[in-house]
Amino acid sequence: RVEADLGAWISAGALTIRATLVADPLTAIMLLVVTGVGSVIHAYAIGYMARDPGRLRFFCYLNLFLVAMLVLVLAGDLVLLFAGWEGVGLCSYLLIGFWWTEPANARAGVKAFLVNRVGDAGMLVGLCLLAWATLAGTGEARLGIEAVRTAVPTLDPRLATAAGGL
């Protein structure tokens, strides 16, 4: 297990939320999946987008999508995981609505954006519940994935279920 501390994301009074990246055996497998599938998609897209005048913009969006997925996979805390999740949602909107001049594509992009907002709101409420439940008088929200995993058995089962469901 390798862990990299990126420093404090949020520091307000006694509340400190840190951002970390973690690589472990499960992460390694997911990194192979994301980069493997991403490589195949890139190889296909090179030919598919060869004559499209917006191919540079497309590949920027596609690479940003892969970076967001890698952040999601490597996140060692829930705040960074949420940032990766938001990046994936943004890139979904950008890629789905790539040919936005066609009304059907523009509508599909907006639909993806709105559906993502609903999921994001639920996830954010769940993260806030976990932050509130794990403060435990320390003033430091334990939002590291390992810290949350070890704190879950001590939480009220209804709260843990609600946070997990969100």
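Please refer to the structure higher up on the page.
Report on the accompanying structure. In this text, all values refer to a predicted model and were calculated from it rather than measured experimentally.

A short note on the nonpolar core
Now for step 1: L78, L81, M123, L127, L130 and L143 are the most contacted members of the largest nonpolar core, which has 19 residues in total.
Now for step 2: Counting residues per element, the ones that place at least two in this core are helix 2 (55–74), helix 3 (78–96), helix 4 (103–134) and helix 6 (157–165).
Now for step 3: Looking at this core element by element, the count peaks at six residues for helix 3.
Now for step 4: Look past the residues within four positions of M123 in its chain and what remains in contact with it is L81, F82, W85 and L166.
Now for step 5: In terms of nonpolar packing, the next biggest core, distinct from the first, is built from eight residues, Y61, L62, L94 and F98 among them.

A word on the pattern of salt bridges
Now for step 1: Enumeration according to the criterion identifies seven salt bridges in this entry.
Now for step 2: Ionic pairing is found between R1 and E146, a salt bridge with its closest N-O pair at 3.9 Å. One end of the pair, R1, is in the segment before strand 1 (2–12); the other, E146, is in helix 5 (residues 145–151), and 145 residues separate them in sequence.
Now for step 3: Under the relative-accessibility criterion, R1 is labelled exposed at 57%.
Now for step 4: The closest approach of N and O atoms between R158 and D156, which form a salt bridge, is 2.9 Å.
Now for step 5: Members of the salt-bridge network, linked through shared partners, are R1, E3, D24, E146 and R149.

A word on the packing of helix 1 (residues 25–48) against helix 2
Angle between the axes and distance between the axes: these two values describe a pair of packed helices.
Now for step 1: In the contact formed by helix 1 and helix 2, the axes pass within 10 Å of each other and the chain directions differ by 170 degrees. Classed by the angle they form, the pair helix 1 and helix 2 counts as roughly antiparallel. For the pair formed by helix 1 and helix 2, the contact residues are T27, M30, L31, V34, T35, G38, I41, H42, A45 and I46 on the first element and F58, F59, L62, N63, L66, M69, L70, V73 and L74 on the second.
Now for step 2: The class makeup of the residues in the contact of helix 1 with helix 2 is 14 nonpolar, five polar and no charged.

So, the packing of helix 4 against helix 6
Now for step 1: Between helix 4 and helix 6, the least distance of the axes is 7 Å, while the angle of their chain directions is 145 degrees. For helix 4 against helix 6, the interelement crossing comes out left-handed. In contact with G126, L129, L130, W132 and A133 of helix 4, helix 6 contributes L159, A162 and A163.
Now for step 2: Considering only residue class, the contact of helix 4 with helix 6 consists of seven nonpolar, one polar and no charged.

The rules behind each value
Residues numbered from 1 in each chain as written. Predicted model: local features only at pLDDT ≥ 70, side-chain atom pairs only at ≥ 80, totals over all residues. Heavy atoms only, no water. Core = buried A, V, L, I, M, F, W, Y, C linked by side-chain atoms within 4.5 Å. Buried < 20%, exposed > 50% of the residue type's maximum accessible area, 1.4 Å probe, protein only. Helix = DSSP H or I, 4+ residues; strand = E, 2+ residues; numbered from the N terminus. Contact = heavy atoms within 4.5 Å. Salt bridge = Lys/Arg side-chain N within 4 Å of Asp/Glu carboxyl O. Axes fitted to C-alpha atoms, helices over the stretch in contact; angles between N-to-C directions. Parallel < 35°, antiparallel > 145°, perpendicular 65-115°, else oblique. Nonpolar A, V, L, I, M, F, W, Y, C, P; charged D, E, K, R; others polar. Left-handed = near helix turned anticlockwise from the far one by under 90°.

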